[in-house]
Amino acid sequence: MAATLTHLGAQGEANMVDVGDKEETTRTAIAEGFVSMQPETLKTILAGNAKKGDVLGTARIAGIMAAKKTHELIPLCHPLLLTKVSVDIEPDHALPGLKVTALARVTGKTGVEMEALTAASVACLTIYDMAKAVDRAMVISGIRLVEKTGGKSGDYKADV
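Now for a quick tour of the structure. (Residues numbered from 1 in each chain as written. Predicted model: local features only at pLDDT ≥ 70, side-chain atom pairs only at ≥ 80, totals over all residues. Heavy atoms only, no water.)

**Thoughts on the overall build of the protein chain**
- Across its full length, the protein chain holds four helices and five strands.
- Each principal axis of the C-alpha distribution contributes one length, and for the protein chain these read about 50 × 30 × 30 Å.
- Every one of the 160 residues in the protein chain was classed for burial, and the buried ones make up 39%.
- When contacts within the protein chain are restricted to residue pairs at least 6 apart in sequence, long-range pairs at least 24 apart make up 70% of them.
- In the protein chain, the 18 positive side-chain charges and the 19 negative ones have mean positions that sit 5 Å from each other. (Helix = DSSP H or I, 4+ residues; strand = E, 2+ residues; numbered from the N terminus. Buried < 20%, exposed > 50% of the residue type's maximum accessible area, 1.4 Å probe, protein only. Contact = heavy atoms within 4.5 Å. Lys, Arg positive; Asp, Glu negative; His and termini not counted. Charge placed at Lys NZ, Arg CZ, Asp CG, Glu CD.)

**Re the nonpolar core**
- Among the nonpolar cores identified, the biggest contains 31 residues, and Met-37, Ile-45, Val-87, Ile-89, Leu-98, Val-100 and Ile-127 are the most heavily contacted of them.
- When residues of this core are traced back to their parent elements, those giving at least two are strand E1 (25–36), helix H1 (39–47), helix H2 (55–68), strand E2 (84–92), strand E3 (97–108) and helix H4 (113–131).
- At nine residues, H4 tops the list of elements feeding residues into this core.
- When sequence neighbours within four positions are dropped, the list of residues in contact with Ile-45 reads Met-37, Val-55, Leu-56, Leu-98, Ile-127 and Ala-131. (Core = buried A, V, L, I, M, F, W, Y, C linked by side-chain atoms within 4.5 Å.)

**Side note on the pairing of E1**
- By the criterion of burial, E1 is predominantly enclosed, with ten of the twelve residues buried.
- In terms of strand pairing, E1 meets E3 through twelve bridges, oriented antiparallel. In the sheet register, Ala-29 faces E3, and the bridge partner there is Ala-104.
- Pairing of E1 with strand E4 (residues 139–149), which is carried by eight bridges, proceeds in the antiparallel orientation. From the neighbouring strand, Ala-29 faces E4, where its bridge partner is Lys-148. (Pairing = 2+ DSSP bridges.)

**Brief notes about H2**
- Relative to the 20 Å expected for 14 residues at 1.5 Å per residue, H2 spans 20 Å between its end C-alpha atoms, a close match to the ideal helical length.
- Looking only at H2, the buried set comprises Val-55, Leu-56, Gly-57, Ala-59, Ala-62, Gly-63, Ala-66 and Ala-67.
- At its buried positions, H2 is contacted by H1, helix H3 (70–73), E2, E3 and H4.
- Its side-chain oxygen placed 3.4 Å from the backbone nitrogen of Leu-56, Asp-54 serves as the N-cap of H2. (Expected span 1.5 Å × (residues − 1). Polar contact = N/O pair within 3.5 Å; in protein donor to acceptor, adjacent residues only side chain to side chain.)

**Examining the packing of H2 against H4**
- Closest axis-to-axis distance for the H2/H4 pair is 7 Å, and the angle between their directions is 145°. As H2 runs across H4, the sense of the crossing is right-handed. Across the interface between the two elements, Val-55, Thr-58, Ala-59, Ala-62, Gly-63, Ala-66 and Ala-67 of H2 pack against Glu-115, Thr-118, Ala-119, Val-122, Ala-123, Thr-126, Ile-127 and Met-130 of H4.
- Considering only residue class, the contact of H2 with H4 consists of ten nonpolar, four polar and one charged. (Axes fitted to C-alpha atoms, helices over the stretch in contact; angles between N-to-C directions. Left-handed = near helix turned anticlockwise from the far one by under 90°. Nonpolar A, V, L, I, M, F, W, Y, C, P; charged D, E, K, R; others polar.)

**Section: the environment of Thr-83**
- The residue Thr-83 is located in the loop between H3 and E2 in this model.
- Sequence spacing of Thr-83 and Ala-131 is 48 residues, and the spatial spacing of their C-alpha atoms is 31 Å.
- Ignoring anything within four residues of it in the chain, the contact list for Thr-83 reads Arg-105, Val-106 and Thr-107.

Structure, rendered in structure tokens:
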């Protein structure tokens, strides 16, 4: 059977999916993104010498806050009582740049993919904002769902 778009009504109008009859399960999603930059920019961020302050700490908090507000940013997303959100940021000297990994978890009737993707995206945007004074050529890329578990549609793991 071909997959259908769940947020479209019979006439193609946008609508919020009714999750009332779904079973509550623990659902987890992991998303990632990358910020490529000049090696000097990475060195500045890792040394904690950015003019705007703690780039990594601020990006981590921004990502967590964004996950909690996903339903306010993405039309048709359900507000969720998230049980866990984490944002990890690691240097990738080969890039050079930073890898952002966001995890969102809920016990509920709908998934948390959008929350994890929003967290990763906003953390990357925050890194850019805080370091743009020294490197406007930074590139945000690779925002994607890496893994999800729970729910009726089952588990998903992206190809590496």
